[in-house]
Amino acid sequence: MNFCKILFFILSTNIFAQEFFSLEKNTVYSLSNSRWEYSPDYDPISKKGIWLPYSIPGNLAHNFQKKPDSVWVKLKLKFSPEELRFPISIRLGMISDSDKVFWNHKLIGSNGEMNTSYPCAYDKIRIYDIPNHYLEQNELLIQIKPYFDEEYGIVQDRVEIGDTALIHSNFQKEEYKKLLLLVIYATVGFYFLFLFVRSGKEKEYLLFSSFTFTMVCYQFLRTQVKYDFNFDFVLLKKFEYISLTLALPLFCNFAFAISSSLDKEEDNIFKRYYIGLKNLNSLHGIIQLLNLIIALALWFYILNSNLKQFDFVNKNIIQPIFVVYCMIALYSLYLSVKRKNLESLFILSAVFTLVLAVFYDILSDRGYFYSERIFPKAFLVFVFTIAFTLANKFVRLKNEVEVLNTNLEKRVIDRTKELKQSLLEINELKLKQDADYFLTTLLLDPLCKNDNRSETVVIEFYFKQKKKFEYRNRVYEIGGDISIASNLMLENKKYTIFINADAMGKSMQGAGGALVVGVVFHTIIARSHTRSFKNISAEKWLKELFLELQKVMEAFSGCMYVSAVIGLIDDLTGIMYYVNAEHPYSVLYRRGIANFLEDQISVRKLGTVDNEVIFQIETIPLFSKDILIIGSDGRDDLYINDLDGTKIMNIDHDSFLERVEASKGNLEDLARRTEIYGELTDDFSLIKVEYLPSLVPQKKIEITNLLSNLYTEIPNDQKTYSLEDSVYFMKTLQKVLPNNETANYFLGLYYYRKREYRLATKHLSLYLYSKPDSIRILLLLSIVHRRNGNLKKSLEISEQIQIRKPEWKRNLENLHDIHLLLGNEQELKEVKDKLLMLS
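A few points on the structure. (Residues numbered from 1 in each chain as written. Predicted model: local features only at pLDDT ≥ 70, side-chain atom pairs only at ≥ 80, totals over all residues. Heavy atoms only, no water.)

Thoughts on the overall build of the protein chain
Across its full length, the protein chain carries 21 helices and 27 strands. When the 839 residues of the protein chain are sorted by exposure, 48% land in the buried category. Here the contacts in the protein chain between residues at least 6 apart in sequence split such that 70% fall between residues at least 24 apart. Accessible surface, the protein chain: about 44,200 Å² in total, of which carbon and sulfur atoms supply 57%. (Helix = DSSP H or I, 4+ residues; strand = E, 2+ residues; numbered from the N terminus. Buried < 20%, exposed > 50% of the residue type's maximum accessible area, 1.4 Å probe, protein only. Contact = heavy atoms within 4.5 Å. Areas by Shrake-Rupley, 256 points an atom, 1.4 Å probe, with all protein chains shown as cover.)

Following this line, the structure appears as structure tokens:
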């Protein structure tokens with residue numbers, strides 16, 4: 001029986017298979033109902049094979065017991081000669097997967113590879129142009145290699161032939177319509193996202209916009225436009241599966257949120273949401289399980305690239321889960337309809353229509369029947385129905401708020417009459433207090449100044465006082481923090497001076513302390529510009545400044561203490577002399593790493609009794625682009641949220657280093673990060689000090705080092721010249737570069753050992769001019785002055801060393817010898833006592 005059917009088909013094919021078309025320009029003819037044939041064993045060389053009828057579009061996978069590697073599809077057509085005068089193209093729909101198309105056994109186009117196991121373009125619409133000189137016998141032959149075992153042939157879309165321009169034009173119009181719909185969907189999504197941002201509470205707006213964006217992404221990946229971007233096919237499919245899978249929980253949760261938000265019994269959207277789930281308690285565990293499966297599927301899509309596995313997961317896991325999601329979503333909307341909510345009825349109808357469209361397309365994709373996808377049209381109806389409902393809800397809420405505001409205004413007017421008298425009395429008292437605050441602020445403003453004019457040291461201030469007050473319609477701040485920066489000359493060298501201080505107490509008390517510090521500091525700066533102060537060392541000037549501030553604060557008898565960091569920077573060398581009087585540790589930001597300068601506090605707050613006894617100056621060399629950050633207690637005394645939500649005081653002081661590194665030393669960004677990290681509890685002030693030496697001294701140093709290395713880098717066993725040669729070399733180098741550190745260091749030691757103290761003094765002084773932090777050479781210079789008979793200068797340098805290192809035994813021994821020679825009995829006794837304690 002089967003043999004007879006095949007024989008009859010072969011005979012009928014030879015007689016009737018060729019169809020006649022009268023093609024005309026600007027015309028397209030459908031080939032879906034033509035006599036298509038397929039063959040699983042066709043041999044293109046011998047041109048032999050069994051041909052069977054084929055209905056287009058259709059899946060040939062069900063016709064084979066054993067799946068062939070490829071299948072051939074054939075169609076015979078005939079045109080009249082006059083129809084060959086204009087270009088002709090053929091549209092073949094979506095072919096799964098790779099294909100080669102022949103017209104009269106001549107290749108006119110292909111997609112994908114026949115010798116690969118990877119997918120190529122199984123959802124791409126094929127359009128091939130047919131050269132007019134090929135139109136002789138007019139036989140169309142297509143070789144198709146599938147990717148999925150269960151999908152062969154021309155599986156979707158229409159098949160037609162006709163005018164090339166019209167076929168391409170129709171194809172582009174179809175895609176433009178799809179893109180236009182996607183733009184409309186995205187616009188609606190952005191609108192409701194904007195509503196969510198403005199309201200901040202209506203969760204259904206966010207869910208609806210997220211679901212819309214996800215579906216826009218999915219629908220875009222279903223269009224043919226994606227092939228214009230030349231992205232990897234597997235990557236495009238991966239995003240398509242991810243967007244489709246992600247849309248499922250968004251859709252279900254949106255249904256929950258919208259059904260519960262339409263319930264007017266509760267005002268809070270989150271309370272309504274969970275009340276809406278109250279009737280679904282028995283299904284709550286199922287919902288959580290489905291969400292977990294969806295999350296695992298998304299993770300599987302991200303990590304994997306096998307589209308066959310994607311298709312299996314989608315058809316056997318995701319689509320059944322979608323059925324369950326839809327049933328739960330429809331049930332939740334049904335519960336809202338039972339509460340006689342008309343808007344829920346509209347939404348339920350739209351959701352039901354969308355669900356039916358999805359099921360229709362799934363059945364079509366699985367091959368139960370072949371039809372154009374209706375989901376885009378159903379989704380358009382769904383989007384506009386939901387958009388209309390949500391917009392109507394928004395308008396209703398807006399009207400309710402307006403009514404509430406009208407009533408609220410009346411209530412406020414009534415209450416205002418009752419409180420008016422009390423407020424007037426309080427305002428009078430506050431006005432007097434604010435006037436005092438304002439006067440104090442006027443006094444503080446000119447004192448807290450950044451008068452730095454240095455070309456190498458850049459200083460910036462940041463202030464935010466805790467106490468704010470309003471006076472004469474303007475807002476002011478008042479507090480105990482103060483920062484000052486200025487410049488001065490000491491021993492013919494330019495210095496930059498700065499202070500960041502925090503006076504004890506709140507508001508007026510702290511402002512009073514800051515006022516005292518500012519006045520004393522500016523007085524000392526002004527006095528230091530006189531001739532009598534220009535010849536003292538940086539250490540002594542800083543000590544006198546500290547002691548004068550200490551005496552003034554001591555006069556308050558314990559009622560006023562001030563923490564502070566005071567710094568004095570040598571503009572030329574970058575050496576910083578500084579004192580930290582129980583202030584938060586200073587931060588050095590160097591090469592992207594922040595560290596604290598101090599590890600302990602050696603000086604107490606200004607005003608502490610006997611503070612001058614333990615006084616000590618620290619030094620640190622600053623390199624190019626080094627940044628110092630000095631701040632008050634406000635930078636660390638922050639309220640932060642504990643794990644249980646309670647506010648606790650910050651104890652992690654190292655977190656400030658992390659914020660300095662994150663901000664890269666930018667003061668505004670650092671302040672912003674600090675305020676984000678926690679809530680300020682005190683006045684907040686910062687000083688940024690950046691050292692930026694000019695390029696000329698830097699180049700001189702580089703040249704100096706280069707020349708000196710010609711000598712110092714030669715190994716000792718290779719140096720054939722004598723000491724006299726070395727001295728000659730260093731003298732020559734020092735003549736060319738008078739401030740060369742290597743030459744002056746070498747010559748200073750050389751003349752010291754030869755007891756030529758005058759020359760030793762010259763070279764050691766030149767060395768210390770560029771390296772003032774070298775305390776060992778400073779002691780040697782003091783000894784040279786003593787042996788040269790200049791006891792006054794020797795004593796001055798030794799006292800300068802003692803300010804930095806009060807208990808250095810070698811310097812105390814030198815002081816002992818100086819006081820002995822000068823006959824200072826009292827000072828000699830004090831030095832002996834210190835040496836005795838150290839021994």
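Remarks on the environment of Glu 204
Among the structural elements, Glu 204 can be located in helix H3 (residues 203–221). For Glu 204, a relative accessible area of 0% translates into the label buried. Spatially, the C-alpha atoms of Glu 204 and Ala 255 are 8.4 Å apart, while their sequence positions differ by 51 residues.

Looking at the sheet that holds strand S24 (residues 638–641)
Hydrogen bonds between backbone groups are what pair the strands of a sheet, and the pairing can be parallel or antiparallel. With antiparallel pairing, three strands are arranged side by side in an open sheet as S25-S24-S26. Either end of the sheet is taken by a strand with one partner, and the two such strands are strand S25 (647–649) and strand S26 (679–680). Note that S24 and S25 share three bridges and pair antiparallel. Residue pairing across strands places Tyr 639 opposite Met 649, the latter belonging to S25. (Pairing = 2+ DSSP bridges.)

Description of helix H2 (residues 164–199)
In this model H2 runs 53 Å from its N-terminal to its C-terminal C-alpha over 36 residues, within 8% of the 52 Å that 1.5 Å per residue would give. Buried within H2 are the following residues: Thr 164, Ile 167, Phe 171, Glu 175, Leu 182, Tyr 185, Ala 186, Val 188, Gly 189, Phe 192 and Leu 195. Regarding H2, its N-cap is Asp 163, as a side-chain oxygen of that residue lies 3.2 Å from the backbone nitrogen of Ala 165 further along. (Expected span 1.5 Å × (residues − 1). Polar contact = N/O pair within 3.5 Å; in protein donor to acceptor, adjacent residues only side chain to side chain.)

Brief notes about the sheet that holds strand S27 (residues 684–691)
Spatial ordering of the open sheet is given by S13-S27-S23-S20-S21, a layout of five strands whose pairing is antiparallel. Single-partner strands in this sheet number two, and they are strand S13 (457–464) and strand S21 (593–596). Direction aside, neighbouring strands of the sheet carry axes that sit 20° apart on average. Two strands pair when backbone bridges link them, and strand S23 (residues 627–631) and S27 are joined in this way by five bridges, in the antiparallel orientation. Along S27, the bridge assignment pairs Ile 630 with Ile 687. (Axes fitted to C-alpha atoms, helices over the stretch in contact; angles between N-to-C directions.)

Observations concerning the nonpolar core
It is characteristic of soluble globular proteins that their nonpolar side chains tend to be buried jointly. Phe 211, Phe 251, Leu 307 and Phe 382 are the most contacted members of the largest nonpolar core, which has 54 residues in total. Elements represented by at least two residues in this core include exactly H2, H3, helix H4 (233–261), helix H6 (281–303), helix H7 (307–338), helix H8 (342–365) and helix H9 (375–444). With 12 residues, H7 is the single largest residue contributor to this core. (Core = buried A, V, L, I, M, F, W, Y, C linked by side-chain atoms within 4.5 Å.)

As for the packing of helix H12 (residues 655–663) against helix H13 (residues 667–677)
It is at 9 Å that the axes of H12 and H13 come closest, and there the two elements cross at 135°. One way to sum up the angle between H12 and H13 is to call them oblique. For the element pair H12 and H13, the recorded crossing hand is right-handed. The residues of H13 that touch H12, namely those facing Ser 655, Phe 656, Arg 659, Val 660, Ala 662 and Ser 663, are Asp 669, Leu 670, Arg 673, Thr 674 and Tyr 677. Here the contact of H12 with H13 is built from residues that sort into five nonpolar, three polar and three charged. (Parallel < 35°, antiparallel > 145°, perpendicular 65-115°, else oblique. Left-handed = near helix turned anticlockwise from the far one by under 90°. Nonpolar A, V, L, I, M, F, W, Y, C, P; charged D, E, K, R; others polar.)

Topic: the pattern of salt bridges
For the structure shown, the criterion picks out 29 salt bridges. Between Asp 451 and Lys 449 there is a salt bridge; the shortest N-O distance is 3.8 Å. Using a relative accessible area of 25% as the deciding quantity, one classes Asp 451 as partly exposed. The class of Lys 449 is partly exposed, set by a relative accessible area of 34%. Residues Glu 675 and Lys 464 are paired through a salt bridge, measuring 3.0 Å at the closest nitrogen-oxygen approach. Here Glu 675 is found in helix H13, whereas its partner Lys 464 is found in strand S13, with 211 residues between them in sequence. What makes Lys 464 partly exposed here is its relative accessible area of 24%. (Salt bridge = Lys/Arg side-chain N within 4 Å of Asp/Glu carboxyl O.)

Brief notes about helix H18 (residues 775–787)
The end-to-end C-alpha distance of H18, which contains 13 residues, comes to 19 Å, matching closely the 18 Å that a straight helix rising 1.5 Å per residue would cover. H18 sits mainly inside the fold: 11 of its 13 residues count as buried. Here the buried face of H18 lies against helix H16 (741–753), helix H17 (757–770), helix H19 (791–804) and helix H20 (809–822). Directly beyond the C-terminal end of H18, a positive phi value near 90° is found at Gly 789.

Structural notes on a negative patch on the surface
A contiguous patch of negative charge, built from Asp 652, Asp 654, Glu 658 and Glu 661, is present on the exposed surface. On the secondary structure map, Glu 661 appears in helix H12. (Patch = residues over 30% accessible without salt bridge, like charges linked within 9 Å, V, L, I, M, F, W, Y side chains within 5 Å. Lys, Arg positive; Asp, Glu negative; His and termini not counted. Charge placed at Lys NZ, Arg CZ, Asp CG, Glu CD.)

Description of the packing of H17 against H18
Where H17 contacts H18, the two axes come as close as 10 Å, and the packing angle between them is 155°. When the axis of H17 is compared with that of H18, the two are roughly antiparallel. The hand of the H17/H18 crossing is left-handed. In this structure, H17 contributes Tyr 757, Ala 760, Thr 761, Leu 764, Ser 765, Tyr 767 and Leu 768 to the contact, and H18 contributes Ile 777, Leu 778, Leu 780, Leu 781, Val 784, His 785 and Arg 787. Looking at the contact of H17 with H18, its residues break down into 10 nonpolar, three polar and one charged.

Some remarks on a nonpolar patch on the surface
A cluster of nonpolar side chains, contributed by Leu 289, Leu 292 and Leu 296, occupies part of the molecular surface with about 300 Å² of accessible area. In this structure, Leu 292 sits in helix H6. Residue classification places Leu 292 among the partly exposed residues on the basis of a relative accessible area of 47%.

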